[in-house]
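Residue-level listing of the chains:
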Amino acid sequence: SLHPDALAPNSAAGSSNRTAKVPVAASVSTSAAKGKGLLECNGNRNIVMDPLPDDPEVRTVPQLRVLQMHSGEFNWLATRTRPDLSYATSLLASAASRHHTWCLKLVKKMLRYLKETSSAGILISSTGSMEDLTVYCDAGYAGKDTRSQSGIIVVCGGSIIVWRSCRQTVSALS
């Protein structure tokens, strides 16, 4: 997270608003895409996920390790500069042990998305009082055979400073 004192006054606006541009880890996403041979392919502007298959696949330990590596890389980005990857990262991590082929397709889509959006960043600005702290949370109903997804966003001074999306340990039935 970014400490409020790290925000520089925005002299262009001529006001007391503060802004800071947190650059996306472009070198991380570029090196990940290069290592996977995806620099030459077209990028994606969004991540479209296919439905999970009904039947689990037999996978090997090396296949699982590859998906775990990708999941860790995406989680690093999602928790630092890319909150837009949080949901897809959560799905990847939870499905890696049962749906190898589906997860590999999702990894490729996520890498292509990172390629297309590598110049994106998070603009943090303070338009309100730095003493104003607001927390939003939500949880989704999932059904009896799966777990619910929950999320939290913390806003300070009008800017999001913390975000998280994760699977709940139990399923919400209502």
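Rules used in this analysis
Residues numbered from 1 in each chain as written. Predicted model: local features only at pLDDT ≥ 70, side-chain atom pairs only at ≥ 80, totals over all residues. Heavy atoms only, no water. Helix = DSSP H or I, 4+ residues; strand = E, 2+ residues; numbered from the N terminus. Areas by Shrake-Rupley, 256 points an atom, 1.4 Å probe, with all protein chains shown as cover. pLDDT = per-residue confidence, 0-100. Contact = heavy atoms within 4.5 Å. Expected span 1.5 Å × (residues − 1). Buried < 20%, exposed > 50% of the residue type's maximum accessible area, 1.4 Å probe, protein only. Pairing = 2+ DSSP bridges. Axes fitted to C-alpha atoms, helices over the stretch in contact; angles between N-to-C directions. Core = buried A, V, L, I, M, F, W, Y, C linked by side-chain atoms within 4.5 Å. Patch = residues over 30% accessible without salt bridge, like charges linked within 9 Å, V, L, I, M, F, W, Y side chains within 5 Å. Salt bridge = Lys/Arg side-chain N within 4 Å of Asp/Glu carboxyl O. Parallel < 35°, antiparallel > 145°, perpendicular 65-115°, else oblique. Left-handed = near helix turned anticlockwise from the far one by under 90°. Nonpolar A, V, L, I, M, F, W, Y, C, P; charged D, E, K, R; others polar.

A. Spotlight on the overall build of the chain. A count of helical and extended segments in the chain gives 4 helices and 6 strands. Reading the helices (α) and strands (β) of the chain from amino to carboxyl end gives β-β-α-α-α-α-β-β-β-β. When the accessible area of the chain is evaluated, it comes to approximately 10,600 Å², of which 54% is carbon and sulfur surface.

B. Here's a closer look at the confidence of the model for the chain. Looking at the chain as a whole, the pLDDT averages 76, with 72% of positions reaching at least 70. Confidence, read as mean pLDDT per element, is least for strand E1 (residues 8-9) in the chain (40) and greatest for helix H4 (residues 100-116) (91). Taken as a whole, residues 1-16 scores under 50 in pLDDT and shows 23 contacts with residues more than four places along the chain or in a different chain. Here residues 21-27 is a poorly scored stretch, pLDDT under 50, and it has 17 contacts once near neighbours within four places are set aside; other chains count.

C. Structural detail: H4. Here H4 spans 24 Å end to end across 17 residues, near enough to the 24 Å set by a 1.5 Å rise per residue. Considered for burial, the residues of H4 that qualify are His100, Trp102, Cys103, Leu106, Val107, Lys109, Met110, Leu111, Tyr113 and Leu114.

D. Structural view of the sheet that holds strand E5 (residues 149-156). The strand order E4-E5-E6 describes an open sheet built from 3 strands, whose pairing is antiparallel. In this open sheet, the two strands that pair with only one neighbour each are strand E4 (133-139) and strand E6 (159-167). Geometrically, the sheet is characterised by an average inter-axis angle of 10 degrees between neighbouring strands, direction not taken into account. Across the sheet, helix H3 (residues 86-95) lies against E5 and E6, angled at about 25 degrees from E6, the strand it touches most.

E. The nonpolar core, seen in detail. By size, the foremost hydrophobic cluster in this structure holds 20 residues, and its most contacted members are Ile47, Phe74, Leu85, Leu92 and Met110. Contributions of two or more residues to this core are made by helix H2 (61-80), H3 and H4. Here this core takes 8 residues from H4, the largest share from any one element. Apart from residues lying up to four places away in sequence, Leu85 is in contact with Ile47, Leu77, Ala78, Met110, Tyr113 and Leu114.

F. Here's a closer look at a nonpolar patch on the surface. On the surface, a nonpolar cluster with roughly 260 Å² of combined accessible area is contributed by Leu133, Val135 and Ile152. By relative accessible area, Val135 is classed as partly exposed at 48%.

G. The arrangement of the pairing of E6 in detail. Sheet topology places E5 next to E6; 8 bridges connect them, and they run antiparallel. Within E6, the residue paired with Ile152 across the bridge is Arg164.

H. Seen up close, the packing of H2 against H3. At a minimum axis separation of 9 Å, H2 and H3 run at an interaxial angle of 155 degrees. The orientation of H2 relative to H3 falls into the category roughly antiparallel. Crossing geometry of H2 relative to H3 is assigned as left-handed. Across the interface between the two elements, Leu67, His70, Ser71, Phe74, Asn75 and Ala78 from H2 touch Ser86, Thr89, Leu92 and Ala93 from H3. Its residues placed into classes, the contact of H2 with H3 shows 5 nonpolar, 5 polar and no charged.

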